[in-house]
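# Observations on chain architecture
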Amino acid sequence: MKAATTPVQRPRDAKLLVVDAAGRLHHAARNALPSHLQPGDLLVANDAATLPASLSGVHGPSGLPVEVRLAGRRSLAVDDVREFTAIVFGAGDHRTRTEDRAAPPPLHSGDGLALGPLQAEVVRTLGHPRLITLRFSGTADAIWSGIARYGKPIQYAHIDAPLALWDVWTRVAALPVAFEPPSAGFVLDGQMLQALRERGVAFATLTHAAGISSTGDDALDARLPFDEPYHLPEATLRAIARARAGGGRIVALGTTVTRALEHAASAGALRSGMGVATQRIGPETRLRVVDALVSGTHEPGTSHHGLLRAFASEALLQRVDQALEAGGYRTHEFGDSVLIERPARVPARLVQTHAIPHAA
Amino acid sequence: MNTLNLPRDLRVAITGGTSGLGLALARLFHEHGTRVAFVARHAQRVAEVARSLPGTHGLVGDVSRKQDIYPLALQITAALDGLDVLINNASSLGPVPLALLADTECEDLEAALATNLLGPFRLTKAVLGALGASARDGRPALVINITSDAAVTPYAGWGAYGASKAALQHLSRIWGEELRDQGVKVIAVDPGDMDTPLHALAVPDADPATLKRPAQAAREIATLIAQASP
């Protein structure tokens, strides 16, 4: 697939590949998404706003330039803003492919990092020369101000022009806790929210601190996604219960929504409130909440792609990849989308007595 | 004491929060234990007001500057853990002293539009996601745009200000129509002629005794918020 190289959230010609519950593929216009959902369904989006999480600066002991990419935080609490997990690169910027980026100078506990108006310290390295816990100094307000005014959105070499926050905040962006945009949500705009209402499709949100998608380092990439805190509002829990009671499906807008909802249900009944998603979703996952997924298109082999295996067999995903390729779909965060409906739920009684491939 | 019946844990952001009506609003909400973030251009003044109202969050920014809007939206929602009420109060008079339209420089009109129309539009757009989240949670979700009778009556000499406020008032009505189904309310409020620095710039020889106290206008706005809350 070719990369989408301009930061337009809703290109007029954006495409949607619909993979229905019977495994049939349909090409559609993405702005027609509401017509591919059923009255009574619930669409759940991630309303995290995206932090300008790339901070350029200088490593104190060596005096060498670094780019720090904030990549994780232990909670969503707004005053818990001192410590972050971060990936550190050496000199350079997003125009160099992450795979080709220079390593940072050797980082040690206690090293100072001068990041524009922000001062930080390396608390510890995390088993990899590029991965650290850092701690900012100053008040929470000063740290937020420094990040807000000095940071840049994390971006990759397939997009040349520097991204601004308005390029990466979705139309429903609320609390600034994501490190990269929950880009499946780029599909949303006021018009679509209205079209969903008119079709009788309910809409709800959760807040999930979407982490970074790529580090350019195989060993680090293998550790993605990092643990991601989320908040599932009580109102969303009620909306899920209402949709279920009416026979509607739960449609996750994005892999982060899937990860949060499935984590919130991992102990049995779905629970509202704060959580930290630690699990991986893949072929072995038995989905408890999500019936369908709207997602960007992703190359085979990526962790995003692996998540799709929870919704469809490998053989079906191969047909999907071929259709995306043949249909000229574009990939990456500003690219086209897929809607994957997983095979219809099978009543528990039947699961016990029949071999149902998708119940596994 | 909560004589205004404001919802508990209300989260309010006010632009132009270090003088006049904005300052009166910040004080009133602070007094009532509301979570407050206020925005103004001058760092020193912001720090002074924040110190005088402990627990409030003073943010430095200029709503007329496009580049300032998203950093402000980010800091507002981070400071307050979301947002229920945005009060677009920061205003520019246009040319000072007031000028006939024939004598108004195009740049003065542009500056008035940037502060009084584009700024509120951009900031509302940037926090709309947070307001929508509040509405879905059953919380208040409200934008209050501060306008003026100059938006309705064509006072000679008030061209830049009056035209920009008229546009803001109409923008508020259209926003209100479009966002009703999402549970987000947008209202324009004319607080009346108040004894404020902006009024003194416009009418230097006005007798302050004939003007409304900003604190009184702030109470009226707080009452509106209480009424507009679910």
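What counts and how
- Residues numbered from 1 in each chain as written.
- Chains lettered and ligands numbered in written order.
- Predicted model: local features only at pLDDT ≥ 70, side-chain atom pairs only at ≥ 80, totals over all residues.
- Helix = DSSP H or I, 4+ residues; strand = E, 2+ residues; numbered from the N terminus.
- Rg over C-alpha atoms; globule rule 2.2 N^0.38 Å.
- Buried ≥ 20, exposed ≤ 12 C-beta atoms within 10 Å, placed from the backbone.
- Contact = placed C-beta atoms within 7 Å.
- Nonpolar A, V, L, I, M, F, W, Y, C, P; charged D, E, K, R; others polar.
- Pairing = 2+ DSSP bridges.
- Axes fitted to C-alpha atoms, helices over the stretch in contact; angles between N-to-C directions.
- Domains from an automatic or database assignment.
- Parallel < 35°, antiparallel > 145°, perpendicular 65-115°, else oblique.
- Left-handed = near helix turned anticlockwise from the far one by under 90°.
- Expected span 1.5 Å × (residues − 1).
- Arc of directions from axis to C-beta.
- Core = buried A, V, L, I, M, F, W, Y, C linked by C-beta atoms within 7 Å.

## What about the overall build of chain B?
For chain B, the count of helices and strands is 7 helices and 6 strands. Listed N to C, the secondary structure of chain B is β-α-β-α-β-α-β-α-β-α-β-α-α in terms of helices and strands. In terms of C-alpha radius of gyration, chain B reaches 17 Å, essentially the compact-globule figure of 17 Å for 230 residues. For chain B, the C-alpha atoms occupy an extent of roughly 50 × 35 × 30 Å along the three principal directions. Classification of the 230 residues of chain B by burial places 53% in the buried group. In chain B, 67% of the contacts between residues at least 6 apart in sequence involve partners at least 24 apart.

## Re the environment of L308(A)
Residues and elements named next belong to chain A. Secondary-structure assignment places L308 in helix α7 (residues 303-308). Separated by 28 residues in the primary sequence, L308 and R280 have C-alpha atoms spaced 11 Å apart. Contact partners of L308, with chain neighbours within four places excluded, come to L317 and I340.

## Some remarks on the interface of chain A and chain B
Frequently, the measure chosen for interface size is the accessible area removed from exposure when the parts meet. Taken residue by residue, the interface counts 23 residues in chain A and 20 residues in chain B. Grouping the constituent residues of the side of chain A that touches chain B by class yields 15 nonpolar, 3 polar and 5 charged.

## Regarding the environment of A133(B)
By secondary structure assignment, the location of A133(B) is in helix α4 (residues 106-136). On the basis of neighbour count, A133(B) is assigned to the buried category, with 25 C-beta atoms found within 10 Å. With 78 residues separating them along the chain, A133(B) and G55(B) place their C-alpha atoms 24 Å apart. Not counting residues within four places of it along the chain, the set of residues in contact with A133(B) comprises D47(A), A174(A), T205(A) and G82(B).

## Considerations on the sheet that holds strand β4 (residues 85-88) of chain B
Residues and elements named next belong to chain B. One open sheet accounts for 6 strands, arranged β3-β2-β1-β4-β5-β6; its pairing is parallel. Edge strands, defined here as strands with exactly one partner in the open sheet, are β3 (57-60) and β6 (185-189). Pairs of neighbouring strands in the sheet enclose a mean axial angle of 15°, with direction left out of account. In this structure, strand β1 (residues 11-15) lies alongside β4, joined through 3 bridges in parallel fashion. By the bridge assignment, A13 is partnered in β4 with L86. Running over the sheet, helix α5 (residues 159-179) touches β5 (142-146) and β6 and is turned about 160° from β6.

## Regarding the domain arrangement of chain A
All names here are of chain A. One can read the domain layout of chain A as domain 1 (2-50 + 162-359) and domain 2 (54-150). Distance from the C-alpha centre of domain 1 to the C-alpha centre of domain 2: 29 Å. Listed as interface residues are 18 residues of domain 1 and, on the opposing side, 17 residues of domain 2. Contributions of two or more residues to the side of domain 1 that touches domain 2 are made by α4 (218-221) and β14 (228-232). A class-by-class count of the residues in the side of domain 1 that touches domain 2 yields 10 nonpolar, 6 polar and 2 charged.

## Things to note about the pairing of strand β13 (residues 202-208) of chain A
All names here are of chain A. Burial analysis of β13 places 7 of its 7 residues in the buried class, which makes it a mostly covered element. Alternating positions in β13 separate into two faces, A202, A204, L206 and H208 on one and F203, T205 and T207 on the other, with burial throughout. In terms of strand pairing, β13 meets β14 through 2 bridges, oriented antiparallel. Paired with H208 across the bridge in β14 is Y230.

## A look at the sheet that holds strand β8 (residues 83-89) of chain A
Pairing between the strands of a sheet comes from backbone hydrogen bonds, and it takes one of two forms, parallel or antiparallel. All names here are of chain A. Spatial ordering of the closed barrel is given by β6-β7-β8-β11-β10-β9, a layout of 6 strands whose pairing is antiparallel. Strand-to-strand twist in this sheet, taken as the mean axis angle between neighbours without regard to direction, amounts to 45°. Note: strand β6 (residues 54-59) against strand β7 (residues 64-72), 6 bridges, orientation antiparallel. Pairing of H59 across the sheet is with L64, part of β7.

## Description of the packing of helix α1 (residues 20-31) of chain B against helix α7 (residues 214-228) of chain B
Residue and element names in this part refer to chain B. Two elements in contact, α1 and α7, have axes whose closest approach is 8 Å; the angle formed by their N-to-C orientations is 60°. Of the possible angle classes, the one that applies to α1 and α7 is oblique. Here α1 runs over α7; the crossing is right-handed. Counted together, G20, L21, A24, L25 and L28 of α1 and P214, A215, A217, A218, R219, I221 and A222 of α7 form the full contact between these two elements. Partitioning the contact of α1 with α7 into residue classes produces 10 nonpolar, 1 polar and 1 charged.

## Description of helix α8 (residues 314-326) of chain A
Residues and elements named next belong to chain A. For α8, which comprises 13 residues, the first-to-last C-alpha distance of 18 Å matches the rise-based estimate of 18 Å (1.5 Å per residue) to within 8%. By the burial criterion, the buried members of α8 are L317, V320 and L324. Buried positions in α8, seen along its axis, are confined to an arc of 55° and lie on one side of it. Seen from the open side of α8, the exposed residues pointing more than 90 degrees away from its buried face are A315, Q318, Q322 and A326. Buried residues belonging to α8 abut β2 (15-19), β3 (25-29), α7 and β19 (337-341).

## A short note on α5(B)
With 21 residues, α5(B) should reach 30 Å at 1.5 Å per residue; the first-to-last C-alpha distance of 30 Å fits that figure. In this structure, the buried side of α5(B) is in contact with α4, β5 and β6 of chain B.

## What to know about the nonpolar core
Formed by 158 residues in total, the largest nonpolar core has its most connected members in L42(A), V44(A), F179(A), V251(A), L25(B), I76(B) and V127(B). Here the element with the most residues in this core is helix α3 (residues 66-80) of chain B; it accounts for 9 residues. Setting aside its immediate chain neighbours within four residues, I76(B) contacts A13(B), A37(B), L59(B), L83(B) and V127(B). Counting 10 residues, the second-largest nonpolar core is a separate cluster that includes A150(B), A151(B), A166(B) and A202(B).

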